[in-house]
Amino acid sequence: MFASFTKGFKSGGWNARVTDPRDFVLFRPESVTSIEVGLKSTWLDNSLRLNLTYFDARYKDFIVTAINPATNSFITVNAAKMHNRGVEGELAWQPQEAVTFFANFGTNDAKYTQSTTAAISLSNKVKRTPKATYSLGAELREPAG
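In this text the structure is predicted, and so the values were computed from the model without any measurement.

**Some thoughts on the overall build of the protein chain**
At step 1: A tally of regular secondary structure across the protein chain gives 0 helices and 9 strands.
At step 2: When the elements of the protein chain are put in sequence order from the N terminus, they spell out β-β-β-β-β-β-β-β-β.
At step 3: In terms of overall dimensions, the protein chain is more spread out than a globule: its C-alpha atoms have a radius of gyration of 21 Å, far above the 15 Å expected for 145 residues.
At step 4: In terms of overall dimensions, the protein chain has C-alpha extents of about 65 × 40 × 25 Å along its principal axes.
At step 5: Within the protein chain, buried positions represent 29% of all 145 residues.
At step 6: Total accessible area on the protein chain is roughly 10,200 Å²; 58% of this is exposed by carbon and sulfur atoms.
At step 7: In the protein chain, the 17 positive side-chain charges and the 13 negative ones have mean positions that sit 11 Å from each other.

As structure tokens, this is what we get:
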């Protein structure tokens with residue numbers, strides 16, 4: 001079992017590639033406070049691996065690409081506070097040395113909790129955070145001579 005608590009940030013900056021001076025906008029650093037709790041385990045003489053993780057991340061000054069209403073151009077802004085939580089899992093079974101079967105899944109419950117700009121409504125979906133992801137597969141390893 002494991003648990004972690006972390007604080008991190010993404011640096012701020014400015015919109016440097018602009019064609020209109022109104023798009024030359026500074027944005028502050030984004031910060032995140034995150035916890036993870038999980039289990040990493042192996043079974044059946046290390047032929048079966050099961051990993052499970054719960055995560056909870058809270059962002060301040062979340063950085064997004066938005067449209068400047070004054071110029072209709074894309075700019076980078078600090079748009080909101082955001083909360084994302086979910087679970088991730090991995091199951092792998094290696095019945096023989098050269099054969100592995102696997103299944104992975106993940107969930108995201110990402111929501112804006114406070115909008116700090118007109119660019120984001122609390123009803124907007126957080127980009128690049130699908131509700132669920134999964135993969136299933138198999139791997140066969142054969143030595144090349």
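From this point, the discussion proceeds with the structure in view.
**Some words on the environment of Asn68**
At step 1: On the secondary structure map, Asn68 appears in strand β5 (residues 48–68).
At step 2: By relative accessible area, Asn68 is classed as buried at 9%.
At step 3: The spacing of Asn68 and Arg22 is 46 residues in sequence and 8.5 Å in space, taken between C-alpha atoms.
At step 4: Once residues lying within four places of it in the same chain are set aside, the contact partners of Asn68 are Arg22, Asp23, Ser73 and Ile75.
At step 5: There is a polar contact of 2.8 Å between the side chain of Asn68 and the side chain of Asp23.
At step 6: For Asn68, the side chain forms a polar contact with the main-chain nitrogen of Ala70, separated by 3.0 Å.

Reading the values: rules and limits
Residue numbers here run from 1 along each chain, matching the order of that chain's written sequence. At least 70 in pLDDT is required for a residue's local features to be given in this predicted model, at least 80 for side-chain atom pairs to be given and counted, and no such filter applies to totals for whole chains, interfaces and linings, which use all residues. Derived side-chain values reflect all non-hydrogen atoms in the structure, with water molecules and hydrogen atoms excluded from consideration. In this text, helices come from DSSP runs of H or I with a minimum length of four residues, and strands from runs of E with a minimum of two, each type numbered from the N-terminal end. Radius of gyration here is computed from C-alpha atoms only, and the compact-globule reference equals 2.2 Å multiplied by the residue count raised to the power 0.38. Think of it in three bands: with a 1.4 Å probe and only protein chains considered, a residue is buried below 20% of the maximum accessible area for its type, exposed above 50%, and partly exposed in between. Here, Shrake-Rupley sampling with a 1.4 Å probe gives the accessible areas, and only protein chains in the shown set may cover a residue. When charges are counted, neither His nor the chain ends are considered; positive counts come from Lys and Arg and negative counts from Asp and Glu. For this purpose, a charge sits on NZ of Lys, CZ of Arg, CG of Asp or CD of Glu. We call two residues in contact when some of their heavy atoms are within 4.5 Å. For this analysis, a polar contact is any N or O atom pair within 3.5 Å, provided that within protein one partner can donate a hydrogen and the other can accept it, and provided that sequence-adjacent residues contribute only side-chain to side-chain pairs.

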